[in-house]
Amino acid sequence: MTAIAEALSPRDTHLADAARWLRRGALLNGVIALITLLLGILAAARIIPFETLRAGLLFNYAGSADTALAIMILLALINVSFMLVLTVGVLAREIWTFPVLWLLAVANIGLLFALGWLVAGLNAVLCAWLGVRLVRELSSLRVNPVMIKELRGRMRGVRAFAVITVYLGLMSGFAALIYLVYAAGNRASGSAAAGEIGRVLFLGIVGIELLLIIFIAPAFTAGAITGERERQTYDLLRTTLLSTPSFVIGKLESALGYILLLLLAAIPLQSIAFLFGGVTEAELVLSFIILTVTAVALGTVGIYFSSTLARTLNASVRAYSAILAVMFVAPVVLGVVLRLFSNLFSNQGSLLFSPVMETVFKYADLLLTSINPIATGLTSQQLLINQNVLGFYQFTLASNGSTIPLVAPWISFAVLYLALSAALIVFTIRSTRETEL
Amino acid sequence: MSELIIQTKNLVKKFGKFTAVNGLSLEVPAGSIYGFVGPNGAGKTTTMRMLTTLTRPTTGEAWVNGHSVLEEPRAVRKSIGYMPDEFGVYDDMRVWEYLDFFAACYDIPEAERKRLIDDLLQLVDLTHRRDDMVDKLSRGMKQRLSLARTLAHDPSVLILDEPASGLDPRARVEIRELLVELAKMGKTIFFSTHILADVSEICTHIGIVEAGQMIAQGSMDDMRAQLQPHREITVTLLTQEAVEAVKTLMSGFEGVANVAELEPKGGRFRVRIDYTGGDEGVAAISQKLHSANVAILGFTEETKDLEAMFMRVTKGIVS
């Protein structure tokens, strides 16, 4: 579609302006993340000293200098994600953009004082300034009509209730099964550690939830746009003043809202594990984050294929195969390859056995783990239990005993998946517009 | 002529090698009920989709309410209410929710929507079905609901694609009455149809399209005059003597082109007078026959029906 330079109403112009500034903010943070990474590489190559970097950019942080760099990159990327989401939200005139914008401003002010990250000050000023500007446009922000329509339909009657009941029933049954099998197994061997039962129960329930989400999330969104086309209601919507971002965001909100409900409904069930012990609150929170991020990412994958294809069936098939290929097949295949190579290279005495190679393998390993939510969850849990690490940590290289900064995979997983979701939302809006003519 | 609310100039739409609309120029005056008539496949729906900004014309231009379809699609969308030929059903939706959703899509604030929905339902006579599911409505009711939806944002033009297709006779009459009522409220109604009875019943203007081209358009009166050189008055008489009397009385009357005796029907004698004058003349003829004490049973002006007119201008080409 050729760009239509239609004169916008003053209100629309203000919102479009705010969206433009948010996009610039996201770009700025992206560039800052990149620059920080470059500085880190320069520092690692001993061209500039690490300590100066930390003192200049993250002056309130007491930990090691390379961890400080990793934290800065991560914070910049989180800002990028939030600002991109806000950009789309403002364009879609979502009411939640206003509180989220202020939340981001406050969070950045907090970061500025807590860690002394200078960029946070810049982000806070940008967000607060846009927040003040949005006050005038508050009356034009609204709850998304598409979301209300979808949720009204979805939650009506016994269906929604029945789905939740069946979902919880299945999981309860599964949990009971795990418990019985495990208890029987232990009775035979004679010892049963309550903590172990708790952990197994917890893992089993989260695993089942993850599986259900992998099936449900794309199914909810794969029909979002194709369904409107198939029911021939799409033309009706297009002749209204509803914008494409509003339409896409509304569809996504309603699907994810329902999945969130399912996740929240399952939390009491997960908490049964607390009765046995062996599971910490941190694990519960981590599992919830991983499940939610997975749902968001898979939901956007579904809606993306829904926007590019004509039929719901095709969109579902493509979404599932893409998810299977990227989330499971690719990490497993690459993981095997990586393992082979690292074994080859890390043999003592091998010519290629060097700290650099080991670092590269370690980071590649982290990246592969972050692609798959199951691997992410298990690795994060192991780190938490064995090393009491929730976020950043230092890893000691076997080759020369020096340390490199690493991050628990759930963080890199969340950043990776949220960035993917943001990109897919943008692509979805674009392709929805393109197929309009 | 009053100001034009829809205007197109040499509108062309090609789908690959197939030309759906071929240089169509349309002129719809404000406040009219415009019947857009043509055989299936003549390009009616494509034209409407271009007017509603759903499809971009290959070449040519179109304006709705003074806004260019190409350059100001949002302004155009604000001015039009569009009803496609198929009714898009959302399952799991109540009647009032259906209207509420579309009103929200037209940026109508929530505080105003309840009143608006009540008014719209009353207008289309669906107040008693307010809380029913949309897919439980009859086809006629769905069509009326659809019409209510097009009115949610108070547009000045309604573009309706086959509003009466597939309806039973009663529902069709109801829709027709509704359209007349809306025209009285000052809306311009532009609708496509292939049912000529609908057109002759309610339209003020008509455009006949064939193979993507406009072959005749204008007000109904102009079109009739244009396609029909004279009016035909049929006088039904009691006796053969009366027939002769009418013949002699009319032979010298100004504007009478021909007087012909028709086959008697049901024992009644009939004479056809071909007349080229205006309404005053028709009254004068009636006056003259009465004053001559001719035994008249009936005096009617045959409006030559639209089908004959349609058959005369179209060639039966379906692109």
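See the structure above.
Report on the accompanying structure. Just so it is clear, the model here is predicted, and its values are computed rather than measured.

1. So, the overall build of chain B
Stage number 1. When its secondary structure is counted, chain B shows 11 helices and 14 strands.
Stage number 2. When the accessible area of chain B is evaluated, it comes to approximately 14,400 Å², of which 48% is carbon and sulfur surface.
Stage number 3. Taking the average location of the 37 positive side-chain charges in chain B and that of its 45 negative ones, the two points are 4 Å from each other.

2. A few points about the overall build of chain A
Stage number 1. Within chain A one finds 16 helices and 2 strands.
Stage number 2. Taking 2.2 N^0.38 as the reference for a compact globule, 437 residues should give roughly 22 Å; the C-alpha atoms of chain A span a radius of gyration of 24 Å, in line with that estimate.
Stage number 3. Projecting the C-alpha coordinates of chain A onto the three principal axes gives extents of approximately 70 × 60 × 40 Å.
Stage number 4. Out of the 437 residues belonging to chain A, those deemed buried represent 47%.
Stage number 5. Between the averaged position of the 27 positive side-chain charges in chain A and that of its 20 negative side-chain charges there is a distance of 5 Å.

3. Overview of the nonpolar core
Most often, soluble globular proteins have nonpolar side chains that are buried together.
Stage number 1. Within the largest apolar cluster, 68 residues are counted, with the highest numbers of intra-cluster contacts made by Tyr98 and Ile189 of chain B.
Stage number 2. When residues in this core are grouped by element, the largest group, 7 residues, is from helix H3 (residues 95-105) of chain B.
Stage number 3. In contact with isoleucine 189 of chain B, other than residues within four places in its own chain, are Ser32, Ile33, Tyr34, Leu158, Leu160, Leu179, Leu182 and Ala183 of chain B.
Stage number 4. In this structure, Ala222, Leu284, Val301 and Trp410 of chain A belong to the second largest nonpolar core, which totals 54 residues.

4. Some details on the sheet that holds strand S14 (residues 296-302) of chain B
By way of backbone hydrogen bonds, the strands of a sheet pair with one another, either parallel or antiparallel.
Residue and element names in this part refer to chain B.
Stage number 1. Read from one edge to the other, the open sheet built from 4 strands follows the order S12-S13-S11-S14, with strand pairing classed as antiparallel. One side of each edge strand has no neighbouring strand; the edge strands of this open sheet are strand S12 (256-265) and S14. Mean inter-strand twist for the sheet, computed between neighbouring axes without regard to direction, equals 20°.
Stage number 2. Alignment of S12 against strand S13 (residues 268-275), held across 7 bridges, turns out to be antiparallel. Paired with valine 259 across the two strands is isoleucine 273, which belongs to S13.
Stage number 3. Against the sheet, helix H9 (residues 240-251) touches strand S11 (231-237), S12 and S13, its axis set at about 170° to S12.

5. Here we look at the pairing of strand S6 (residues 80-83) of chain B
Residues and elements named next belong to chain B.
Stage number 1. Of the two faces of S6, the one carrying Ile80 and Tyr82 and the one carrying Gly81 and Met83 are both buried.
Stage number 2. Two strands pair when backbone bridges link them, and S6 and strand S7 (residues 157-161) are joined in this way by 4 bridges, in the parallel orientation. Paired with tyrosine 82 across the strands is isoleucine 159, a residue of S7.

6. Observations concerning the pattern of salt bridges
Stage number 1. Scanning all chains against the criterion turns up 28 salt bridges over all chains.
Stage number 2. Where arginine 238 of chain A meets aspartate 235 of chain A, a salt bridge forms, and the shortest distance between an N and an O atom there is 3.3 Å. Here arginine 238 of chain A and its partner aspartate 235 of chain A are both found in helix H10 (residues 234-238), 3 residues apart, which amounts to about one turn of the helix. Of the two residues, arginine 238 of chain A and aspartate 235 of chain A, both sit in the buried class.
Stage number 3. The partner of aspartate 198 of chain B in a salt bridge is arginine 176 of chain B, and the shortest N-O contact between them spans 2.8 Å. Of the two residues, aspartate 198 of chain B sits in helix H7 (residues 196-202) while arginine 176 of chain B sits in helix H6 (residues 169-184), which places them 22 residues apart along the sequence.

7. Side note on the sheet that holds strand S4 (residues 59-64) of chain B
All names here are of chain B.
Stage number 1. Spatially, 4 strands are ordered S2-S1-S4-S5 in an open sheet, and the strand pairing comes out antiparallel. With one partner strand each, in any of the chains shown, strand S2 (18-29) and strand S5 (67-68) form the two edges of the open sheet.
Stage number 2. On top of the sheet, helix H1 (residues 44-51) reaches strand S1 (4-15), S2 and S4; it is set at about 115° to S1, its chief contact.

8. Describing the interface of chain B and chain A
Stage number 1. Counting residues at the interface gives 35 residues for chain B, matched by 28 residues for chain A.
Stage number 2. Around 3,100 Å² of area is buried between chain B and chain A when both sides are counted, 55% of it from carbon and sulfur atoms.
Stage number 3. Ranking the residues of chain B by area buried against chain A places Leu54, Arg74 and Tyr90 of chain B at the top, with a combined share of 20%.
Stage number 4. There are 7 salt bridges connecting chain B and chain A.
Stage number 5. For the interface between chain B and chain A, the tally reads 14 residue pairs in polar contact (both at pLDDT 80 or more).
Stage number 6. Broken down by secondary-structure element, the contributors of at least two residues to the side of chain B that touches chain A are helix H2 (73-79) and H3 of chain B.
Stage number 7. The element best represented in the side of chain B that touches chain A is H3 of chain B, accounting for 8 residues.
Stage number 8. Residue classes in the side of chain B that touches chain A are distributed as 17 nonpolar, 3 polar and 15 charged.

9. Quick look at the side chain of arginine 133 of chain A
All names here are of chain A.
Stage number 1. Take arginine 133: it is sitting in helix H5 (residues 118-136).
Stage number 2. A relative accessible area of 19% places arginine 133 in the buried class.
Stage number 3. Engagement of the side chain of arginine 133 in a polar contact is seen with the side chain of aspartate 17, the distance being 3.4 Å.
Stage number 4. Apart from residues lying up to four places away in sequence, arginine 133 is in contact with His14, Asp17 and Ala18.

The rules behind the values
- Residues numbered from 1 in each chain as written.
- Chains lettered and ligands numbered in written order.
- Predicted model: local features only at pLDDT ≥ 70, side-chain atom pairs only at ≥ 80, totals over all residues.
- Heavy atoms only, no water.
- Helix = DSSP H or I, 4+ residues; strand = E, 2+ residues; numbered from the N terminus.
- Areas by Shrake-Rupley, 256 points an atom, 1.4 Å probe, with all protein chains shown as cover.
- Lys, Arg positive; Asp, Glu negative; His and termini not counted.
- Charge placed at Lys NZ, Arg CZ, Asp CG, Glu CD.
- Rg over C-alpha atoms; globule rule 2.2 N^0.38 Å.
- Buried < 20%, exposed > 50% of the residue type's maximum accessible area, 1.4 Å probe, protein only.
- Core = buried A, V, L, I, M, F, W, Y, C linked by side-chain atoms within 4.5 Å.
- Contact = heavy atoms within 4.5 Å.
- Pairing = 2+ DSSP bridges.
- Axes fitted to C-alpha atoms, helices over the stretch in contact; angles between N-to-C directions.
- Salt bridge = Lys/Arg side-chain N within 4 Å of Asp/Glu carboxyl O.
- Buried area = accessible area lost by both parts, 1.4 Å probe.
- Polar contact = N/O pair within 3.5 Å; in protein donor to acceptor, adjacent residues only side chain to side chain.
- Nonpolar A, V, L, I, M, F, W, Y, C, P; charged D, E, K, R; others polar.

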